[in-house]
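Below are the chains, spelled out letter by letter.
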Amino acid sequence: MTLATRLSLVVGVAIVSLVSFGQAQQPAQAEQPVDAKQVREAIDRGIAYLRREQLPRGNWNDLDAYPGGVTALCTLALLHSGVAADDPTVSKALEFLRTTKPKKTYTVALQTMVLCAATPQKDLLTIQTNVRWLEENQVRESDRTGAWSYPSPSGAGGDNSNAQFAVLALYEAQRVGVKVNPQTWKRAYTYWKAAQNGDGSWGYVPGDAGSGSMTCAGIGGLATCSVAISEGDAQVKNGRILCCQQRSRDDALEQGLDWLGRNFSVTHNPRLPGSGHPCLYYYLYGLERAGRLTARRFIGDHDWYREGAEFLIHEQDPLSHYWIGAWHGERNPHISTSFALLFLAKGRRPVVLAKLRYGNGEDWNQHQNDAANLTGYTEQKWDLDLTWQIFNPASASVEDLLQAPVLYISGNRALDLLPHAQKLRDYVDRGGFMFAENCCSDDNGFQQAFRALVSAMFPEPEYALQQLPPGHPLWRMEELVRANSPYVGRLWGVEYGCRTSVVYSEIDLSCYWELARPGRWHDYPEPVVERIRDGLAVGINALTYATGREPKGKEHTFTLPLVDTGVDGFSDRGTIQIAKLQHGGGCNDAPGALVNLLQAAGQGDLKLRIRTDAQLIGITNDNLANYHLVFMHGRHNFRMTPAERESLARYLENGGTLLADAICASKPFATAFRRELQKSLPNYPLKTIPTEDPIFTSTYGGYDVRKVALRDPLPVVEGQPITTRVRETAPQLEGIKIGHRWAVIFSPYDISCALENHESIQCRGYNREDAARLGLNVLMYSLNQ
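For the structure given in this document, a descriptive report is provided here. (Residues numbered from 1 in each chain as written. Predicted model: local features only at pLDDT ≥ 70, side-chain atom pairs only at ≥ 80, totals over all residues. Heavy atoms only, no water.)

1. Comments concerning the side chain of serine 161
At step 1: Among the structural elements, serine 161 can be located in helix H7 (residues 160-175).
At step 2: Within the structure, the side chain of serine 161 is placed 2.8 Å from the side chain of tyrosine 106, a separation counted as a polar contact. (Helix = DSSP H or I, 4+ residues; strand = E, 2+ residues; numbered from the N terminus. Polar contact = N/O pair within 3.5 Å; in protein donor to acceptor, adjacent residues only side chain to side chain.)

2. Some remarks on the side chain of histidine 633
At step 1: Here histidine 633 shows up in strand E14 (residues 629-634).
At step 2: Classification of histidine 633 as buried rests on a relative accessible area of 0%.
At step 3: At 3.2 Å, the side chain of histidine 633 forms a polar contact with the backbone oxygen of cysteine 587.
At step 4: In this structure, histidine 633 is in contact with Lys580, His583, Gly586, Cys587, Asn588, Asp589, Ala590, Ala593, Asp661, Ile663, Phe669 and Ser752, ignoring residues within four places of it in sequence. (Buried < 20%, exposed > 50% of the residue type's maximum accessible area, 1.4 Å probe, protein only. Contact = heavy atoms within 4.5 Å.)

3. Concerning the state of the cysteines
Here a disulfide denotes a covalent bond joining the sulfur atom of one cysteine to the sulfur atom of another.
At step 1: By the definition in use, this model includes 3 disulfides.
At step 2: Across the disulfide, cysteine 244 is cross-linked to cysteine 440 (sulfur-sulfur distance 1.7 Å). Taking the torsion about the sulfur-sulfur bond, which here is approximately 85°, the covalent link between cysteine 244 and cysteine 440 counts as right-handed. Placement of the pair is cysteine 244 in the loop between strand E2 (240-242) and helix H10 (252-262) and cysteine 440 in the loop between strand E8 (433-438) and helix H17 (445-457), with a sequence separation of 196 residues.
At step 3: You can call cysteine 244 buried: its relative accessible area is 14%.
At step 4: Disulfide partner of cysteine 664: cysteine 763, at an S-S distance of 2.2 Å. Disulfide cysteine 664-cysteine 763: torsion about the S-S bond near -115°, hence left-handed. In this pair, cysteine 664 sits in the loop between strand E15 (657-662) and helix H22 (667-680) while cysteine 763 sits in the loop between helix H23 (752-755) and strand E21 (765-766), placing the two residues 99 residues apart along the sequence.
At step 5: What makes cysteine 763 buried here is its relative accessible area of 0%.
At step 6: This cysteine, cysteine 279, is not joined by any disulfide, and cysteine 216 carries the nearest cysteine sulfur, 11 Å off. (Disulfide = S-S within 2.5 Å.)

4. A few points about the packing of aromatic side chains
At step 1: A complete count under the given rule lists 23 aromatic pairs for this structure.
At step 2: Measuring from centroid to centroid gives 6.4 Å for phenylalanine 165 and tyrosine 282, while their planes differ by 10°, and the two rings are stacked. Taken together, the residues span a long stretch of sequence, with phenylalanine 165 in helix H7 and tyrosine 282 in helix H11 (residues 280-293) at a distance of 117 residues.
At step 3: Judged by its relative accessible area of 1%, phenylalanine 165 falls in the buried class.
At step 4: For tyrosine 282, a relative accessible area of 3% corresponds to the buried category.
At step 5: Between tyrosine 191 and tryptophan 192, the aromatic rings sit 5.6 Å apart at their centres with planes inclined by 65°, giving edge-to-face as the arrangement. Judged on exposure class, the residue tyrosine 191 and its partner tryptophan 192 are both buried.
At step 6: Pairwise contacts between aromatic rings join Tyr106, Tyr150, Phe165, Tyr282, Tyr285 and Phe339 into one cluster. (Phe/Tyr/Trp six-rings, centres within 6.5 Å; stacked < 30°, edge-to-face > 60°.)

It is worth stressing that arrangement in space is one thing and function is another; only the former is reported here.
Structure representation (structure tokens):
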């Protein structure tokens, strides 16, 4: 087979008229679930393969009729996989692409997407030229008006594959500030609506039987065009803001997703007889887009990204690290590898928030674009690709909810989430953050129901909703909320664990997020712009507070469900048991810290037989001696009684071990802890544990943590966002040695909040991974003494 024949799919594996059926792709059986490390390694290996295959001029082999096509696809894959625009491989590719003058829909679209992703300001003129070309070559005056095709003198034809690439390019161009003619969007929207089959699917051209790849194209095309032409659920008329506007229901997207859910697969392109070629990798690229643009974690009952990632990781060539398909065009590994990387990389974008879909109506979604617009605004501010999702609390597990660091609840009527109160508490216990707003309503239905939900989640009186004080980080975490903003005095929160974990706004935020459509909202009258800025500031501050600007990619949720060993009491002598000590300095201020550490010990690399609930016991408790290791943390001053000091000294001198940390590097707690240990053990000083001590290595079956990442909040500057510095350093631990062993191990820097997944920018301490490894090393050390 000649190289030209192998590349006959013009980037466009979708040029079905140029190729013939190949051997059907045989599904690979996933041997076991994959984890985050495997996803990252697969991406890195795919990147390395494309680097090796680049030609000296900076290109990859392109068909003469489609100059720059495959090169643009490979470059797009590298960019979205995290390779920087100034990387030598990408720089050479960009220089080559700038010399090409594409005249076909696929190559014009791909060049546009590459330049938008890499160097939009430098190449703005080329992007604008390409947009005008796409507008001029949109099909008109035929039964496929609004589509795109292979350019011809008649301008006839039109198909869903060309059309989806054109729409993708226009979408990316508009995101970087290039104006797209509204009529172009309207014609495209009308085309996608008319091209849908009665069963919800799309074929290659209108009237064709549906296929997975073309249904994904239809879903993506319709979602993109509908956002571009919609006036939204909030509007500005005569200078007045109108929220919660009535809109007609459009079920086309849901019907397409339903068809995809019924016919779902990641091992083959779902298709009906006569619906086209089995272009698997092209289909997976479309599947990623359909899931992401509709904010779906699940399509049908399928976790589309997890299943697709597992398949792709097992399909990657073990030696050369490319992907290759069975269909004619996808036998070119440059094309298949690019599509595989685009799925893995774009599909793993960090989920920054999830909107909760509750009840049978649409009250949860009065402003359909609110979360999307806030996410887009945050992407620009953080210079980070992000996404958002929709979750139904009835079907989502706690592990599902934890894929989103922020759970967003909106409504204007009484909501019934009480049956899910425990699930939501479990979500918060494991590091989740809830944000709710009462939109478009002055009555108290939603407010009363939400307050009842919070009371059910947190029956403890100390966790009641309280008004956020003027100095709270939410007023300035990323952007300063002006002093006379209507939100001042209208935000409430629950202080739980290491931070505020629930925030409630008495007044509308989603309306102003809805109005914040990219490229439009700055044109409103200044009072309207000011209100939108207020709403966006509160929203991005909440996201920054909850994530520390470091949301995790989807693959970080590829772990086994958190489970308990089921061990009760002291009946099983083979089970490790650890207790938490009671004291008056906030002994349970990070309630999930020890639980999460124990769960990590029971799973992950160590897989210890360990009881995963944390017993809170008094220091004078007779059962203290039954625990070989006890844990202690806090954030306030405290004092022990003489009996407590005597009991603790006896426990430590008889072989027990104490692990402690100061929550968020609390100085009052650290001072009290050092004082009380000195009084308890006057003959044993607390001193720095040397960096070369074996406790920081894998000597006892743990991890090498001689270098860790330590977060240092920077001084607050008036009018500036709160920032932090992360530096690599040796662990800062103190200890008391009794005989040959460390009986007390104390961190004056935070471990507990990190273990709770509450890595606050304001919290001085270790990151989550290093905090867990330090804790596990201490556990393994104590077991070997």
